[in-house]
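# Chain and residue survey
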Amino acid sequence: MVPYLGKEPSGTILINKQERFLYYVEDAGRAIRFGIAVGRDGQRWSGEAIVGRRAKWPTWTPTANMRRRNPSLPQRVPGGPNNPLGARALYLYRNGQDTLYRIHGTNEPWTIGKAASSGCIRMLNEHIFELYGTVRNGARVIVL
């Protein structure tokens, strides 16, 4: 729990890629801060989105760009402990369309605090459990 003096309302997710922290804004000038991994150089994004859907033990389907960069990637990985999306995922949408970016758990906890992903925001599985249980569909996400 950390002080939060910004103007975003309770329930907003604020991601600071430079700091490598995700803030979940709560009432009374407080936020919960989580360490994250961010996208590698050239694979980062900024802007606003909303949580369009949430999934437990999500299936991972690498994007076409990911498969072009690494043709050995599988077509699909079902949910479970070997899945790169970890235990939970929040799917980010803009204008009703899936951005293909996620806030998700990871089976590679050593990547937290690093630029390690293909653009998604990674969290420890125990942290995504907490965020998943709190955040609702439609929550605003701001990525700085």
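It should be noted that the structure appears before, not after, this text.
Quick notes on the rules
- Residues numbered from 1 in each chain as written.
- Predicted model: local features only at pLDDT ≥ 70, side-chain atom pairs only at ≥ 80, totals over all residues.
- Heavy atoms only, no water.
- Pairing = 2+ DSSP bridges.
- Helix = DSSP H or I, 4+ residues; strand = E, 2+ residues; numbered from the N terminus.
- Phe/Tyr/Trp six-rings, centres within 6.5 Å; stacked < 30°, edge-to-face > 60°.
- Lys NZ or Arg CZ within 6 Å of the ring centre and 35° of its normal.
- Buried < 20%, exposed > 50% of the residue type's maximum accessible area, 1.4 Å probe, protein only.
- Polar contact = N/O pair within 3.5 Å; in protein donor to acceptor, adjacent residues only side chain to side chain.
- Contact = heavy atoms within 4.5 Å.

## As for the pairing of strand 6 (residues 47–56)
Pairing analysis gives four bridges linking strand 6 to strand 11 (residues 140–143), with the strands arranged antiparallel. Of the residues in strand 11, the one forming a bridge with Ala49 is Val141. The pairing of strand 6 with strand 7 (residues 88–94) spans six bridges and is classified as antiparallel. Considered in strand 7, the bridge of Val51 is made with Leu92.

## Overview of the packing of aromatic side chains
Counting across every chain of the model gives one aromatic pair. It is Arg33 that lies over the ring of Phe21; its NZ or CZ is 4.4 Å from the centre. Above the ring of Tyr91, the side-chain terminus of Arg53 is found at 3.8 Å from the ring centroid.

## Re unusual backbone geometry
Despite not being glycine, Trp57 shows a phi value in the positive range, around 40 degrees. You can see Trp57 is positioned in the loop between strand 6 and helix 1 (64–69). Looking at Trp57, the relative accessible area reads 40%, which means it is partly exposed. Positive phi, normally seen in glycine, also occurs at Leu100, with a value near 75 degrees.

## Considerations on the side chain of Asn16
In this fold, Asn16 is placed in strand 2 (residues 13–16). Overall, the relative accessible area of 18% leaves Asn16 in the buried class. One polar contact links the side chain of Asn16 to the main-chain amide nitrogen of Gln18, over a distance of 3.1 Å. In this structure, Asn16 is in contact with Phe21, Tyr23 and Leu144, ignoring residues within four places of it in sequence.

## Topic: the pairing of strand 4 (residues 30–35)
Two strands pair when backbone bridges link them, and strand 1 (residues 2–3) and strand 4 are joined in this way by two bridges, in the antiparallel orientation. Within the sheet, the bridge partner assigned to Pro3 lies in strand 4 and is Arg30. Strand direction decides the pairing type here: strand 3 (residues 21–26) and strand 4, joined by six bridges, are antiparallel. If you follow Phe21 over to strand 4, its bridge partner there is Gly35.

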